[in-house]
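Understanding the architecture of this molecule
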Amino acid sequence: MLKRKWQYYLYRILLLLITPFSNFINLCYLKYWGVNVGHKVQVFGRLNILNMNNITIGDGTRIISGKRNLVGHYQQTSLQTGQEGTITIGENCGISNAVIISQNAITIDEQVYIGGGCCLYDNDFHSVDFNERINNPTVIPSSPIHICRGAFIGGHSIILKGVTIGEYAVIAAGSVVTKNVAPSEIWGGVPAKRLKNV
């Protein structure tokens, strides 16, 4: 039995009243930044968007940003593309408090879940070579990321450039993925390695 029953019900009622208005504002914000938004997309909380090229969000996708999910609530969901970057999010995905930054291409297929506090980076942001970093900061190594259908990325995981995560694969919470993950495998650790099959 809930000790603070009336507070809980009041909170739920307020959410029901606020959610449609909040979702409408977020969808307008996405369209302002030129994001291609599918039907029945739901966005809860305030997003950070910087679309310099192309971002697409598929039908039925649900995005949570901020305190609506306590896992990773300290970071808002952020979608950012550079001049040549693309982010493509498939249908019926679930994304919570994730940071997705593309200078190349990040493709998330349908029915993928990305847990709170995750980060997907298809680039290194800076060259590893000192002279390039100082003298030519526009040379940024990048390589596409592909998260295949039905994959699940556990909270606080980091997916780095050039990685493909296979269909129905699971990434354990807090992992750093630097290599391709085969379909229906569970990977975890820093750096992530294969633990077992699903």
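Our subject is the structure that appears above.
Residues numbered from 1 in each chain as written. Predicted model: local features only at pLDDT ≥ 70, side-chain atom pairs only at ≥ 80, totals over all residues. Heavy atoms only, no water.

Some thoughts on the environment of Ala98
Considering the arrangement of structural elements, one finds Ala98 in the loop between strand 8 (94–96) and strand 9 (99–102). The spatial distance from the C-alpha of Ala98 to the C-alpha of Gly60 is 18 Å, given a sequence separation of 38 residues. When neighbours within four sequence positions are excluded, Ala98 is seen to be in contact with Gln75, Gln76, Thr77, Ser78, Ile114 and Cys118. (Helix = DSSP H or I, 4+ residues; strand = E, 2+ residues; numbered from the N terminus. Contact = heavy atoms within 4.5 Å.)

Some details on the pattern of salt bridges
Throughout the structure, instances matching the rule amount to three salt bridges. For Lys161, the salt bridge is made with Asp124, and the minimal N-O distance between the two is 3.1 Å. Here Lys161 is found in the loop between strand 15 (158–159) and strand 16 (164–165), whereas its partner Asp124 is found in the loop between strand 12 (119–121) and helix 2 (130–135), with 37 residues between them in sequence. Of the charged contacts, one joins Glu185 and Arg194 as a salt bridge, the two residues approaching to 3.2 Å between their closest N and O atoms. A relative accessible area of 14% places Glu185 in the buried class. (Salt bridge = Lys/Arg side-chain N within 4 Å of Asp/Glu carboxyl O. Buried < 20%, exposed > 50% of the residue type's maximum accessible area, 1.4 Å probe, protein only.)

Some words on helix 1 (residues 5–32)
With 28 residues, helix 1 ought to run about 40 Å at 1.5 Å a step, and its terminal C-alpha atoms sit 40 Å apart, in line with that. A bend of about 35° at Ile18 is the largest found in helix 1, and the proline Pro20 appears one to four places after it. Residues of helix 1 that are buried: Leu15, Thr19, Asn23, Asn26 and Leu30. Those residues of helix 1 that are buried are in contact with strand 1 (36–37), strand 2 (42–44), strand 3 (48–51) and strand 4 (54–57). (Expected span 1.5 Å × (residues − 1). Bend = angle between axes of the 7 residues up to and from the residue.)

Thoughts on the sheet that holds strand 7 (residues 86–89)
Judged by pairing direction, the sheet is parallel, and its six strands sit side by side in the order 1-4-7-10-13-16 without closing on themselves. Both outer strands of the open sheet, strand 1 and strand 16, are each paired with one neighbouring strand and no more. Of the pairings in the sheet, the one linking strand 4 to strand 7 comprises four bridges and is parallel in character. In the sheet register, Ile55 faces strand 7, and the bridge partner there is Ile87. (Pairing = 2+ DSSP bridges.)

A short note on the sheet that holds strand 2
Here we have eight strands laid out as an open sheet, ordered 2-5-8-11-14-17-19-20, and mixed in their pairing. A single partner strand is all that each edge strand has here, and the edge strands are strand 2 and strand 20 (193–197). Inspection of the sheet shows strand 11 (residues 113–114) paired to strand 14 (residues 152–153) by two bridges, in the parallel sense. Bridge pairing in strand 14 places Tyr113 opposite Phe152.

Side note on the environment of His39
Relative to the helices and strands, His39 is located in the loop between strand 1 and strand 2. Residue contacts for His39: discarding those within four places in its chain leaves Asp59 and Gly60.

Notes on the pairing of strand 3
By the alternation rule, side chains of strand 3 split into Ile49 and Asn51, which are all buried, and Asn48 and Leu50, of which none is buried. Bridging between strand 3 and strand 6 (residues 78–81) involves four bridges; their strand directions are parallel. Pairing of Asn48 across the sheet is with Ser78, part of strand 6.

Looking at the packing of aromatic side chains
Tallied over the entire structure, the rule returns two aromatic pairs. With a centroid separation of 5.9 Å and an interplanar angle of 85°, the aromatic rings of Tyr32 and Trp33 are classed as edge-to-face. Look at Tyr32 and you get exposed, because its relative accessible area is 67%. With centroids separated by 5.1 Å and ring planes inclined at 80°, the aromatic side chains of Tyr121 and Phe125 adopt a geometry described as edge-to-face. Taking relative accessible area as the criterion, Phe125 reaches 34% and is therefore assigned partly exposed. (Phe/Tyr/Trp six-rings, centres within 6.5 Å; stacked < 30°, edge-to-face > 60°.)

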